[in-house]
Amino acid sequence: PRGASLTDFAERIGVDVSSLVQMLFSLGEMVTATESVNDETFELLGEELNYVVQVVSPEDEDRELLESFDLEFGEDEGDEADLAIRPPVVTVMGHVDHGKTKLLDALRNANVVDKEAGGITQHIGAYQVTAEVDGNDRRITFIDTPGHEAFTAMRARGAQATDIAILVVAADDGVMPQTVEALNHAKAAGVPIVVAVNKIDKPEADPTKVRGQLTEYGLVPEEYGGDAMFVDVSAKSELNLDKLLEAVILTADASLDLRANPNQDAQGLVVEAHLDRGRGPVATVLVQRGTLRVGDSIVAGAGYGRVRAMLDEHGDTITEADPSRPAMVLGLTAVPGAGQTFIVVEDDRMARQIAEKRESRERAAMQAKRRVRRTLEDFMAS
Ligand code: GTP
Ligand code: MG
């Protein structure tokens, strides 16, 4: 892949980068782990590793696969007139224990925090709430992400799927490592950030300090002449939650054109998925365009099936889900990976064919990776 470094390559195939550097060194090539590597060097490495170095990215390959079925992921069908306003998708990010889940609980009158193992979020949750802003009912989709340092990939994915990020910073704790990490994910994804300075009910809370700290990271509050919105809140005492919702809607209305075609076959992202004992594979999906309906034939990653039932965030059954709506989907044959796409296709047969192609490709890639790892291990041992 063009512009990729040995580190990127090592990550893709799941090996230690230093063994790649050493192998190239033994072949007379001096390459550092992070510099971008030219195609010839990759080919050389590929020959040595008995690995077909892919010039096409898996994304391109999948695009071609869909094209062969006359499908395209990622574009709304039709023209301007077919697009309708959709709710903003807002990802809540921040350091562990700074109150992301509690804040979402407060915004939607629920209680997830008390049910979580050890009080730590380990997966992504998605909810839609209806908020009254300026006398209008506005729907907002929230995605909760874990703050624990182990979940970097989940935060990165959360930032990808989102229109706006709420960066939660506890006012008693201030800016911490995953605050900065989350900030960088949002920046990298080009997503506008609203800062929620949380826990201001605590006597030791210092919201001014948080503003100063974030200013150093380029997030300058409006009141200091910057363009970042800061809202002081307390998830516990339910303070200023309306102001936070207002800031979100203001950001959406002012700087984003959030529209999608609801009248087409649905497409979107798998937010999370797991195998349920009784219900089989269960996937929480975010519809990005089109309307997903019970009975639709879908492919999600390497899983496929007919949507047997859909549930909303309260566990109530729904029959359809429009753009920006998260829904739990039952009826897939296999558990798709979080962050993978889903797409509605003509019929079960097409769904199965696409899923089978993806699966055999995944399997081949896995075998190749295993082979490479073995070759590298042998090389390092010799
Ligand atoms: P992870 O998902 O594990 O990253 O944590 P989180 O950011 O979701 O934090 P969570 O909502 O689980 O809250 C962590 C702890 O802080 C809980 O004990 C909450 O009750 C408490 N908490 C959250 N918000 C507030 C607040 O506004 N004030 C006070 N005093 N406590 C809060
Ligand atoms: Mg949480």
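Criteria and thresholds
- Residues numbered from 1 in each chain as written.
- Chains lettered and ligands numbered in written order.
- Predicted model: local features only at pLDDT ≥ 70, side-chain atom pairs only at ≥ 80, totals over all residues.
- Heavy atoms only, no water.
- Pairing = 2+ DSSP bridges.
- Helix = DSSP H or I, 4+ residues; strand = E, 2+ residues; numbered from the N terminus.
- Axes fitted to C-alpha atoms, helices over the stretch in contact; angles between N-to-C directions.
- Salt bridge = Lys/Arg side-chain N within 4 Å of Asp/Glu carboxyl O.
- Buried < 20%, exposed > 50% of the residue type's maximum accessible area, 1.4 Å probe, protein only.

Colleague: I'm lost on the sheet that holds strand β3 (residues 125-133) in this one. Help?
Modeller: In sheet architecture, strand pairing relies on hydrogen bonds along the backbone and comes in two forms, parallel and antiparallel. Within the open sheet, the six strands sit side by side as β3-β4-β2-β5-β6-β7. Their pairing is mixed. Only two strands of the sheet have a single partner each, and these edge strands are β3 and β7 (229-232). The average undirected angle you get between the axes of adjacent strands in this sheet is 30°. Taken together, the six bridges between strand β5 (residues 164-170) and strand β6 (residues 193-198) define a ladder with parallel strand orientation. Bridge pairing in β6 places V168 opposite A196.

Colleague: Help me out: how do you make sense of the pattern of salt bridges in this one?
Modeller: Working definition: two side chains of opposite charge can pair if their charged atoms are close together. In the structure shown here, the tally under the stated rule is 19 salt bridges. We note a salt bridge from E80 to R259, for which the minimum N-O separation is 3.1 Å. Placement of the pair is E80 in the loop between α4 (58-67) and β1 (84-85) and R259 in strand β8 (residues 259-260), with a sequence separation of 179 residues. On the basis of relative accessibility, which here comes to 54%, the residue E80 falls in the exposed class. R259 gets classed as partly exposed once you look at its relative accessible area, which sits at 25%. Between R306 and D348 there is a salt bridge, and its shortest N-O distance comes to 3.4 Å. Of this pair, R306 sits in strand β13 (residues 303-311) while D348 sits in helix α10 (residues 348-381), placing them 42 residues apart in sequence. Overlapping salt bridges bring together E61, D62, R358 and R361 as one network.

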